[in-house]
Amino acid sequence: MAQVAAIIGGGVIGGGWAARFLLNGWDVRVFDPDPEAERKISEVLDNARASLPGLYDMAMPDEGKLTYHDTMSDAVAGASWIQESVPERLELKRKVYQMLQEHCAADAIIGSSTSGFKPSELQGCATRPEQIVVCHPFNPAYLLPLIEVVGTDANEEMLGGVADTLRGIGMYPLMVKKEIDAHIADRFLEAVWREALWLIKDGIATTEEIDEAIRMGFGLRWAQMGLFETYRIAGGEAGMRHFIEQFGPCLSWPWTKLMDVPELTDELIDQIADQSDAQSGQYSIRELERHRDANLVGMMRTLKARDWGAGALLNTHDKTMNQTGAIAERLADVSDLTKPVKTVERAVPIDWTDYNGHMNEARYLQAFGDATDRLMLIVGCTPEYIAEGGSYFTAETHIRHIDEVHAGAKIRVETQVMAGAGKKMHLFHAMYEGERLLATGEHMLIHVSLETRRASEPAPSVADPLARLAAAHAKLPRPEGAGAAVGVR
Ligand SMILES: NC(=O)C1=CN([C@@H]2O[C@H](COP(=O)(O)OP(=O)(O)OC[C@H]3O[C@@H](n4cnc5c(N)ncnc54)[C@H](O)[C@@H]3O)[C@@H](O)[C@H]2O)C=CC1
Ligand SMILES: C[N+](C)(C)CC(=O)CC(=O)[O-]
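In this text the structure is predicted, and so the values were computed from the model without any measurement.

Grouped together as the largest cluster of nonpolar side chains are 41 residues, with contacts concentrated most on Trp 17, Phe 21, Leu 55, Trp 81, Leu 143, Val 162 and Leu 166. With 6 residues, the single largest contributor to this core is helix α1 (residues 12-23). Discounting chain neighbours no more than four positions away, the residues touching Trp 17 are Ile 7, Gln 83, Ser 85, Ser 113, Cys 135, Pro 137, Ala 141, Ile 147, Leu 166, Ile 169 and Met 171. Of all hydrophobic cores here, the second largest spans 24 residues; its members include Ile 82, Cys 104, Val 134 and Val 150.

In structure tokens:
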């Protein structure tokens, strides 16, 4: 049975949480008095469905059930996780905890999205303080993995479980050891924001110039190395010590105004809002969100290919999602040799789509390439085998595009071995969304020696399983379209 999360407050962040839980297979129960909450959440969900599943190379679990509730007591019924995302006002948050603790399970976790309050402040008037823990996400909560977890002594026993649950929905729990206003990350964000407000007020830069200064330069660096690793490199061969020697003195010149906050007068607010409209007013907020999401997915998938930073986290999550053996790794794991083998089951990443609004032709080859890689693994052409000098090269490919598919759609590839003897491996891949055939890919591969770069016989550890699979698949009907040439039906 699906686990249940209650979302209390379904605005910008609550909507993101709802999407994160739902797409990870949880049932989600929402309470928000705003009559527009359902519409807003459904728009956030559309964006999330098109972006989040494509971060993974495995299919995510089936989506949970989403329901809206008129009362908080109804929403928290049966929930093992309650995420509070009401506006950032301490009195309101405390009132909400008092009310929901009258109705929720005593062992449910109550996570607060608060950007700045300390957990001890939130727990202040609670009936069961030990249930309440800061779980501070970053917008969009359905894509960004960071979650700052801050507890007090009262929470000690439950923090391990909190972290496990968050990892289970693809997040990166950063366990903040000491409570402090605004935790860790928002302290930086506020310092940068404060400086930016001064630059505008003093007429030095516009909102657009400030954003260019970030996104054309250090913003790109920070997504992959953060502050200290970046500065270590900036110190040259002598590293961090030299960096501090050279740039430490600047800290006291001072380059920044640090704690001073410019007064947010109507005039300054108008100036900032007008500049922001001039910069980005041609897009709706939802359009901007879609650009943001597509960029984030592309960046995170690049990091994934390099197994670095947020990308390494995604790779780990892929492995946990395949723990159920959804995609076999060895022939022994293939449940039924008399059927084509499922070699890919994943969603279409948003950055696989193109100007026609559907999956780009190059990505069909990528998906079929992944299917071939998986089939190679299944028959024993493992990384170890390849390291010893044997592998397959693709000699010929024929792809038929039969129907279109869009970002976020769950696709699977089923592979039939048409022949697998001697140096040749002849594969026929069929790509589906549900029962709908999207494309086929027919590929001839030749076994090679990676030393001579020439065709060679596979070792028995590959030849035998491949022959076994080919013999089983020889009993299957010849797939429609096999052996076709371009234009020939
Ligand atoms: N917006 C952001 O970038 C981030 C916000 N947060 C935190 O998340 C929390 C929520 O912020 P946002 O989503 O930005 O605010 P928001 O204003 O977009 O959403 C707040 C929602 O709470 C609802 N609400 C108000 N009173 C309620 C009640 N008694 N019970 C249930 N729902 C109620 C409102 O109708 C609204 O939909 C805050 O604590 C904030 O610090 C955390 C990370 C980022
Ligand atoms: C502006 N903010 C303080 C609400 C920002 C956050 O809390 C985190 C984020 O998403 O930037």
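Moving on from the model shown.
Attention now goes to the packing of helix α7 (residues 185-201) against helix α10 (residues 266-280). Running from N to C, α7 and α10 cross one another at 95°; their axes reach a closest spacing of 10 Å. With respect to each other, α7 and α10 are oriented roughly perpendicular. Side by side, α7 and α10 meet where Leu 197, Ile 200 and Lys 201 of the first sit next to Leu 268, Gln 271, Ile 272 and Gln 275 of the second. In terms of residue class, the contact of α7 with α10 is made up of 4 nonpolar, 2 polar and 1 charged.

Time to look at the site of ligand 1. With respect to spatial proximity, 22 residues lie near ligand 1, and among them Ile 13, Asp 32, Glu 88, Lys 93 and Ser 115 are the closest. Interatomic distance of 2.6 Å between a side-chain N/O atom of Glu 88 and an oxygen atom of ligand 1. In this structure, Lys 93 approaches ligand 1 through a side-chain N or O atom, which is 2.7 Å from an oxygen atom. About the coverage of ligand 1: the protein hides 74% of its 820 Å² of free accessible area. Elements supplying a minimum of two residues to the shell around ligand 1: α1 and α4 (90-101).

With that out of the way, let us pick up the pairing of strand β13 (residues 436-449). Along β13, 10 of the 14 residues are buried, which leaves the element largely enclosed by surrounding structure. Pairing geometry for strand β10 (residues 390-401) and β13, over 11 bridges, is antiparallel. The residue bridging Ser 391 from the neighbouring strand is Val 448, located in β13. Across 10 bridges, the pairing between strand β12 (residues 424-433) and β13 is antiparallel. Within β13, the position partnered with Met 431 by the bridge is Ala 439. Taking the residues that link successive antiparallel strands as the turn, the β12-β13 hairpin has 2 residues, and the phi of Gly 434 there is positive, at about 60°.

Before going further, it helps to spend a moment on the UniProt feature "binding site: NAD(+)" (unreviewed entry) in the protein. Per the UniProt record, the feature "binding site: NAD(+)" (unreviewed entry) sits at Gly 9, Gly 10, Gly 11, Val 12, Ile 13 and Gly 14. Relative to the elements of secondary structure, Gly 9 occurs in the loop between β1 (4-8) and α1. With a relative accessible area of 8%, Gly 9 lands in the buried category. For Gly 9, the residues in contact, after removing those within four places along its chain, are Gly 14, Phe 31, Asp 32, Ser 85 and Val 86. Note on Gly 14: relative accessible area 0%, which makes it buried. Those residues in contact with Gly 14 that sit more than four places away from it in its chain are Ile 7, Gly 9 and Ser 85.

About the cut-offs
- Residues numbered from 1 in each chain as written.
- Chains lettered and ligands numbered in written order.
- Predicted model: local features only at pLDDT ≥ 70, side-chain atom pairs only at ≥ 80, totals over all residues.
- Heavy atoms only, no water.
- Core = buried A, V, L, I, M, F, W, Y, C linked by side-chain atoms within 4.5 Å.
- Buried < 20%, exposed > 50% of the residue type's maximum accessible area, 1.4 Å probe, protein only.
- Helix = DSSP H or I, 4+ residues; strand = E, 2+ residues; numbered from the N terminus.
- Contact = heavy atoms within 4.5 Å.
- Axes fitted to C-alpha atoms, helices over the stretch in contact; angles between N-to-C directions.
- Parallel < 35°, antiparallel > 145°, perpendicular 65-115°, else oblique.
- Nonpolar A, V, L, I, M, F, W, Y, C, P; charged D, E, K, R; others polar.
- Near = heavy atom within 4 Å.
- Polar contact = N/O pair within 3.5 Å; in protein donor to acceptor, adjacent residues only side chain to side chain.
- Areas by Shrake-Rupley, 256 points an atom, 1.4 Å probe, with all protein chains shown as cover.
- Pairing = 2+ DSSP bridges.
- UniProt positions renumbered as here; feature names shortened; annotations may be inferred.

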